[in-house]
Amino acid sequence: MTMDVNQLRAKLCEHQSAMFHQGFLDDQFSQLQNLQDESTPDFVLEVVTMFFDDSENLIKNMARCLEQVPADFKQIDAYAHQYKGSSASVGAARVKSVCANFRPFCETKNLDGCMECLQQLQHEYSLLKNHLQYLFKLQKDIKAGGGSFS
Amino acid sequence: MDTDAVVSFDHVSPEDSHEVHVLAVDDSLVDRKVIERLLKISACKGFFLDGKIAVTAVDSGIRALQFLGLDEQRRTSESDGFVPSLKVDLIITDYCMPEMTGYELLKKIKESSMFREIPVVIMSSENVLPRIDRCLEEGAEDFIVKPVKLSDVKRLKGYMTTKEVKVGSHDRGSGVEINNKRKLEEEEETSDMSSSPPSISTLSSSPSVSSPSSSPTSSPTVLASPIRRLKMSTTD
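Since we're looking at a predicted model, the values are computed, not measured.

Novice: I'd love a proper account of the overall build of chain A, names of residues and values included.
Specialist: A tally of helices and strands in chain A yields six helices and zero strands. When the helices and strands of chain A are read in sequence order from the N terminus, they spell out α-α-α-α-α-α. Its C-alpha atoms give chain A principal-axis dimensions of roughly 55 × 30 × 25 Å. Per-residue burial over chain A gives 43% buried out of 150 residues. As presented, chain A carries roughly 8,100 Å² of accessible surface, and 51% of it is formed by carbon and sulfur atoms. Looking at charge distribution, chain A has the averaged site of its 14 positive side-chain charges lying 2 Å from that of its 19 negative ones.

Novice: I'd like a rundown of the UniProt feature "modified residue: Phosphohistidine" (unreviewed entry) in chain A, residues and numbers included.
Specialist: UniProt tags H81 of chain A as "modified residue: Phosphohistidine" (unreviewed entry). Following the sequence through the fold, H81 of chain A ends up in helix α4 (residues 73–90). By relative accessible area, H81 of chain A is classed as buried at 17%. Those residues within four positions of H81 of chain A in sequence are excluded, and the remaining contacts are R103 of chain A together with C96, S125 and E126 of chain B.

Novice: So what's going on with the sheet that holds strand β1 (residues 8–9) of chain B? Which residues, and what values?
Specialist: Residues and elements named next belong to chain B. Strands sit in the order β1-β3-β2-β4-β5-β6 across an open sheet of six strands; the sheet is mixed. Looking at strand neighbours, the two that pair on one side only are β1 and β6 (142–145), the edges of this open sheet. Two strands pair when backbone bridges link them, and strand β2 (residues 20–25) and strand β4 (residues 90–94) are joined in this way by four bridges, in the parallel orientation. Paired with A24 across the bridge in β4 is I92.

Novice: Requested: an account of the interface of chain B and chain A, with residues and values cited.
Specialist: Tallying the contact residues gives 18 residues for chain B and 23 residues for chain A. Taking both partners together, chain B and chain A bury about 1,700 Å²; carbon and sulfur atoms supply 60% of that area. On the chain B side of the interface with chain A, the three residues burying the most area are V30, K33 and R37 of chain B, jointly 37% of the side's total. Counting the contacts that link chain B with chain A gives three salt bridges. Note that D37 of chain A and R37 of chain B form a salt bridge whose closest N and O atoms lie 3.1 Å from each other. Summed over the shared surface of chain B and chain A, the result is nine residue pairs in polar contact (both at pLDDT 80 or more).

Novice: Quick rundown of the packing of helix α3 (residues 43–67) of chain A against α4 of chain A? Include the residues and the values.
Specialist: Residue and element names in this part refer to chain A. Where α3 contacts α4, the axes come no closer than 10 Å and their chain directions differ by 165°. If you check the angle between α3 and α4, you find them roughly antiparallel. Pair α3 / α4 crosses with left-handed handedness. Contacts between α3 and α4 involve V47, F51, D54, S55, L58, I59, N61, M62, R64, C65 and L66 on the former and, on the latter, Q75, I76, Y79, A80, Q82, Y83, S86, S87 and V90. A breakdown of the residues in the contact of α3 with α4 according to their chemical character gives twelve nonpolar, six polar and two charged.

Novice: Please set out the nonpolar core residue by residue, giving values where relevant.
Specialist: Counting 69 residues, the largest nonpolar core has F102 and L121 of chain A together with L156 of chain B as its most contacted members. Residue contributions to this core peak at twelve residues, all from α3 of chain A. Among residues more than four places away in sequence, those in contact with L121 of chain A are I59, M62, Y83, V95, V98, C99 and F102 of chain A. Counting 27 residues, the second largest nonpolar core, distinct from the first, contains M97, L106, V120 and I132 of chain B.

Novice: Please provide a residue-by-residue account of the UniProt feature "modified residue: 4-aspartylphosphate" (unreviewed entry) in chain B, values included.
Specialist: All names here are of chain B. Mapped onto this numbering, the UniProt entry annotates "modified residue: 4-aspartylphosphate" (unreviewed entry) at D94. With respect to the element layout, D94 can be found in strand β4. When its relative accessible area of 6% is taken as the criterion, D94 is described as buried. Non-local contacts of D94, meaning those with residues more than four positions away in its chain, are made with V25, D26, D27, G102, M123, S124 and K146.

Novice: Residue-level account of helix α2 (residues 27–34) of chain A, with values.
Specialist: For α2 of chain A, the complete set of buried residues consists of Q28, F29, Q31 and L32 of chain A. Angular distribution of buried residues about the axis of α2 of chain A spans 155°; they occupy a single face of the element. Looking at the buried residues of α2 of chain A, the elements they touch are α1 (5–21), α3, α4 and α6 (111–144) of chain A together with α1 (29–44) and α5 (150–154) of chain B. Of the residues that open α2 of chain A, the one with a side-chain oxygen 2.9 Å from the backbone nitrogen of Q28 of chain A is D26 of chain A.

Parameters and conventions
Residues numbered from 1 in each chain as written. Chains lettered and ligands numbered in written order. Predicted model: local features only at pLDDT ≥ 70, side-chain atom pairs only at ≥ 80, totals over all residues. Heavy atoms only, no water. Helix = DSSP H or I, 4+ residues; strand = E, 2+ residues; numbered from the N terminus. Buried < 20%, exposed > 50% of the residue type's maximum accessible area, 1.4 Å probe, protein only. Areas by Shrake-Rupley, 256 points an atom, 1.4 Å probe, with all protein chains shown as cover. Lys, Arg positive; Asp, Glu negative; His and termini not counted. Charge placed at Lys NZ, Arg CZ, Asp CG, Glu CD. UniProt positions renumbered as here; feature names shortened; annotations may be inferred. Contact = heavy atoms within 4.5 Å. Pairing = 2+ DSSP bridges. Buried area = accessible area lost by both parts, 1.4 Å probe. Salt bridge = Lys/Arg side-chain N within 4 Å of Asp/Glu carboxyl O. Polar contact = N/O pair within 3.5 Å; in protein donor to acceptor, adjacent residues only side chain to side chain. Axes fitted to C-alpha atoms, helices over the stretch in contact; angles between N-to-C directions. Parallel < 35°, antiparallel > 145°, perpendicular 65-115°, else oblique. Left-handed = near helix turned anticlockwise from the far one by under 90°. Nonpolar A, V, L, I, M, F, W, Y, C, P; charged D, E, K, R; others polar. Core = buried A, V, L, I, M, F, W, Y, C linked by side-chain atoms within 4.5 Å. Arc of directions from axis to C-beta.

Given below as structure tokens:
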């Protein structure tokens, strides 16, 4: 059953608005969308895909650091800082915000605090990934239906 | 960190004298992709001369020095694919990088007689005043707070060293002023900075970078006050 392009476009609009409204995305994501044009029609998808790969590596690395005895807080802080940077660059606002929470826990070598942060981070990343994948699917379906989206 | 795509570059032919060549340095793959696109789209939109730009993106200060031919290891420049002395018009580098920071890279460039004239712009996610000061003192043209936006990249035109565009350091003053102003305005989420450095076309095309000329936008007090204001604003 295929939805027509107009319905899909309405869904896309609604979904995107919700993502901004609920703080998953911020203005930097719009900045990236504005950098996409006919000559680079998959720019946002490419950047986000890189971000997903980056995210998965960083989260895995942070988990590993927390498992070490004693935990390597300096390294965790470094990873969190890195992740904060890349999430800022793509406009992943909620992920970025959780990354910022690591620093005080790392400074005080608070293992529980860090573990809780990491859980939050995994949760936020997972939500964001789902939402963005849905967004890209809608865009793909619109294109396939012969439509376009701004 | 993946090992492929650590260096990406466009073919730059020496005959393209109007083509702007930017060297971007950042250890984050995501950021490299974004800055590259920002630079290219700025060129298309006519923010750079003639709209032609080539971007070389590398993942570390060491690779940047290798690209320039400044690394200590290099003895000969042939037979390893090294393209010697491609004219670089601007270097834009991240501050926080493992092994060699953007600051250390800046120092090495400014210490080199061959490359010290190349304008260097530092990017950082951290709005730390002593860090900004240190970079500017070491000769950085500007300091961009990440995430980098199109409005930040528009500003870079003022630092290009192509023949047609030679800027006096009064632009440095207004560059810093605008950048600091942007940081203050960031909190209020205003729209893109529409004010840009004074029109470049009014400058003469003298090849030397002159000492501060009399300009209404640049004076020690103008430079000092945005920084003083910054000290009072909240940072990360």
